[in-house]
Amino acid sequence: MKTFKTIVAAALLAAVCVSAFTQTAKKPSVVIMPFDAKGGVAQEDCDIVTDIFESEYVVAGNSTVVNRSTLSKIQAEQKFQASDWSNSSKTAKLGEALNAQQIVSGQLRLYNGLLFFKAQVQDIGTLVVLASVNIRVESTMQLLDKIPGICKDLAGQIGGTSK
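These figures come from a predicted structure and were not determined experimentally.

Here's the deal with the overall build of the protein chain
At step 1: The helix and strand tally for the protein chain stands at five helices and six strands.
At step 2: Ordered by position in the sequence, the α and β elements of the protein chain form the string α-β-β-α-β-α-α-β-β-β-α.
At step 3: The burial tally for the protein chain puts 33% of its 163 residues in the buried class.
At step 4: Considering only contacts within the protein chain whose residues lie at least 6 apart along the sequence, 55% involve residues at least 24 apart.
At step 5: Here the protein chain displays about 9700 Å² of accessible surface, and carbon together with sulfur accounts for 54% of that area.

In structure tokens, the structure reads:
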């Protein structure tokens, strides 16, 4: 009887471990690129938006986010130039170097007194856009308040779970 209980306990423990591993393995690894500041947006504002976005994307999605300090190290090591992310081959190489499946890029643009924010999630292998969001707000502070919802929206578009 003791042996049977031991076998059942071991089987349950193995099932829990397999389930946890499977759930972790399903999470895509995502790189969040520093957002671009355009049309008079201060780079410092853009950096703050990127930092908050990165934190909220972890909370909102079913993704593992690659730390930006890791991104900087890989960029330096591989001599990637951040100014040329429109080049598909460079983006794919960066994703491969970081072992990521997805990349998030975005921009803030000031136009006609309003702030326009665009973010998109792309598959690293195909560079197909998996999710995209565009919003218009009156200030950076308004945008910061909307970032949790934006991240949930993006995660929902790619089939991630939202909390």
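Moving on from the coordinates now.
Topic: the packing of helix α2 (residues 43–60) against helix α5 (residues 140–157)
At step 1: In the contact formed by α2 and α5, the axes pass within 9 Å of each other and the chain directions differ by 35°. With respect to the hand of their crossing, α2 and α5 are arranged in right-handed fashion. Facing D45, I48, V49, I52, F53, E56, Y57 and A60 of α2, the residues of α5 in contact are T140, L143, L144, I147, P148, I150, C151, K152, L154 and A155.

Focus on the packing of aromatic side chains
At step 1: The tally for this structure, following the rule as stated, stands at five aromatic pairs.
At step 2: Each ring, one from F53 and one from Y57, has its centre 5.7 Å from the other, and the planes form 15°; the classification is stacked. Of this pair, F53 and Y57 both sit in helix α2, separated by four residues, roughly a single helical turn.
At step 3: Residue Y57 is classed as buried on the basis of its relative accessible area, which comes to 0%.
At step 4: For the ring pair F53 and F117, a centre distance of 6.3 Å and an interplane angle of 50° mean the geometry is tilted. Within this pair, whereas F53 is found in helix α2, its partner F117 is found in strand β5 (residues 114–123), the two being separated by 64 residues in sequence. Comparing F53 with F117 shows no difference in burial state: the two are buried.
At step 5: Grouping aromatic residues by their ring pairs yields a cluster made of F35, F53, Y57 and F117.

Quick notes on α5
At step 1: The first and last C-alpha atoms of α5 sit 24 Å apart over 18 residues, in line with the 26 Å expected at 1.5 Å per residue.
At step 2: Roughly 45° is the biggest bend found in α5, and it falls at K146, with proline P148 one to four residues downstream.
At step 3: A positive phi of about 85° marks G159, the residue just after α5.

With respect to the environment of V30
At step 1: Secondary-structure assignment places V30 in strand β1 (residues 29–32).
At step 2: Here V30 falls in the buried class, since its relative accessible area comes to 0%.
At step 3: Once you skip the residues sitting within four places of it in the chain, V30 turns out to touch Y57, S63, T64, V65, V66, Q102 and V104.

Criteria and cut-off values
Residues numbered from 1 in each chain as written. Predicted model: local features only at pLDDT ≥ 70, side-chain atom pairs only at ≥ 80, totals over all residues. Heavy atoms only, no water. Helix = DSSP H or I, 4+ residues; strand = E, 2+ residues; numbered from the N terminus. Buried < 20%, exposed > 50% of the residue type's maximum accessible area, 1.4 Å probe, protein only. Contact = heavy atoms within 4.5 Å. Areas by Shrake-Rupley, 256 points an atom, 1.4 Å probe, with all protein chains shown as cover. Axes fitted to C-alpha atoms, helices over the stretch in contact; angles between N-to-C directions. Left-handed = near helix turned anticlockwise from the far one by under 90°. Phe/Tyr/Trp six-rings, centres within 6.5 Å; stacked < 30°, edge-to-face > 60°. Expected span 1.5 Å × (residues − 1). Bend = angle between axes of the 7 residues up to and from the residue.

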